[in-house]
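# Structural overview for review
Okay, here's what each chain looks like letter by letter:
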Amino acid sequence: MAPSLRTHFFVALSILSLIACSTNAQLSTNFYDKTCPNLQTIVKNTMTQAINREARLGASILRLFFHDCFVNGCDASILLDDTATFVGEKNAAPNQNSIRGFEVIDTIKTNVEAACNGIVSCADILALAARDGVVLVGGPSWEVTLGRRDGETASQSAANNEIPSPFSDLNTLISMFAAKGLSARDLTVLSGGHTIGQAQCQFFRSRIYNETNIDTNFATSRRSICPVSGGDTNLSPLDTLTPNAFDNNYYTHLVANRGLLHSDQLLFNGGSQDALVTTYSTNNAAFFTDFAAAMVKMSNIAPLTGTSGQIRKNCRVVN
């Protein structure tokens, strides 16, 4: 078997195993086969158009999905706008002025509604869009189980407290993932999503000026983007080698002490995750296989199914 075929075989085998063992039997890969048969084509086509306009949107939608699933489960609560009587998650500290991609989800929802009115949840659209965004920038694919329904509430306090911080220590990060049913291995492989996307200066300033476990030339180059004061929203790629390609260069950066965020470099800093980071830094196929499996696992965090929640007509507001 050729290496590429072998990689895809093991990815598929791992994912099918996870799906078969899922405790949430109400989710299925064929949930919309009869009610909205063109759903996946619509999502993929819209995501393709979005990423052709701006490659960064693959990372943005992936982060949107991650931040959604860590608060009240994968229920699209992060998409809800604040109103005079409702406080959502968009202005929580981990999201305010940094989470993005809402307009892309709006466009997908509009296109899906035109084909299948009132059938498909925003939560499922977000799960599919996250997968397609990864694939479109060169990453692995996975089967997305469907049948989630949309939350009717949101929690800014949970977003503030339960979304992992770029300033956290390793034990805290491991504990926060464990609280969502995710392992330390899941933490390390899902952090590999930082192989695409960018971070604001305010989130890596302390690392490039104060930390010692950092390559000197790398720190100097990032200081040109992020001054000691001011420029809080200036952007740097999380992976400076291939910022718009989904690959294992995130891990080669960590091994070279070139992780941009404090929480990134902690994964390779004499701790429990060093061996796994080393493996991924030299084995892209292993990273892809494990990332796909971890995304399946994360997408099954406390979904609303059956008669719980609703199918929102507009992803930004409760019906």
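Calculation criteria
Residues numbered from 1 in each chain as written. Predicted model: local features only at pLDDT ≥ 70, side-chain atom pairs only at ≥ 80, totals over all residues. Heavy atoms only, no water. UniProt positions renumbered as here; feature names shortened; annotations may be inferred. Helix = DSSP H or I, 4+ residues; strand = E, 2+ residues; numbered from the N terminus. Expected span 1.5 Å × (residues − 1). Buried < 20%, exposed > 50% of the residue type's maximum accessible area, 1.4 Å probe, protein only. Disulfide = S-S within 2.5 Å. Contact = heavy atoms within 4.5 Å. Polar contact = N/O pair within 3.5 Å; in protein donor to acceptor, adjacent residues only side chain to side chain.

In the nomenclature of an unreviewed UniProt entry, the chain corresponds to Peroxidase from the organism Canavalia gladiata. On record in UniProt, under Function (unreviewed entry), the comment for the chain is "Removal of H(2)O(2), oxidation of toxic reductants, biosynthesis and degradation of lignin, suberization, auxin catabolism, response to environmental stresses such as wounding, pathogen attack and oxidative stress. These functions might be dependent on each isozyme/isoform in each plant tissue." The Subcellular location (unreviewed entry) field of the UniProt record for the chain holds the comment "Secreted".

Relative to the 21 Å expected for 15 residues at 1.5 Å per residue, helix α5 (residues 122-136) spans 20 Å between its end C-alpha atoms, a close match to the ideal helical length. Of all 15 residues that make up α5, 13 are buried, and the element is covered over most of its length.

What follows covers the state of the cysteines. Applying the stated criterion across every chain yields a total of four disulfides. Each disulfide pairs two cysteine sulfurs, and for Cys201 the partner residue is Cys226, the sulfurs being separated by 1.9 Å. Classification of the bridge connecting Cys201 and Cys226 rests on its S-S torsion, roughly 65°, and on that basis the disulfide is right-handed. Of this pair, Cys201 sits in helix α9 (residues 201-210) while Cys226 sits in the loop between α10 (216-223) and β2 (235-237), and the two are 25 residues apart along the sequence. Residue classification places Cys201 among the buried positions, given a relative accessible area of 0%.

The next point concerns the UniProt feature "binding site: Ca(2+) 2" (unreviewed entry) in the chain. UniProt records the feature "binding site: Ca(2+) 2" (unreviewed entry) at Thr195, Asp239, Thr242 and Asp247, using the numbering of this structure. Spatial clustering of the annotated residues is evident: they stretch over 53 residues in sequence, but the largest pairwise C-alpha distance comes to 9.6 Å. With respect to the helices, strands and loops of the structure, Asp239 is situated in the loop between β2 and α11 (249-255). Taking the relative accessible area as the measure of exposure, Asp239 reaches 0% and is therefore buried. Setting aside residues no more than four positions away along its own chain, Asp239 makes contact with His194, Thr195, Asp247, Asn249, Tyr250 and His253. At a separation of 3.2 Å, a polar atom in the side chain of Asp239 contacts the side chain of Thr195.

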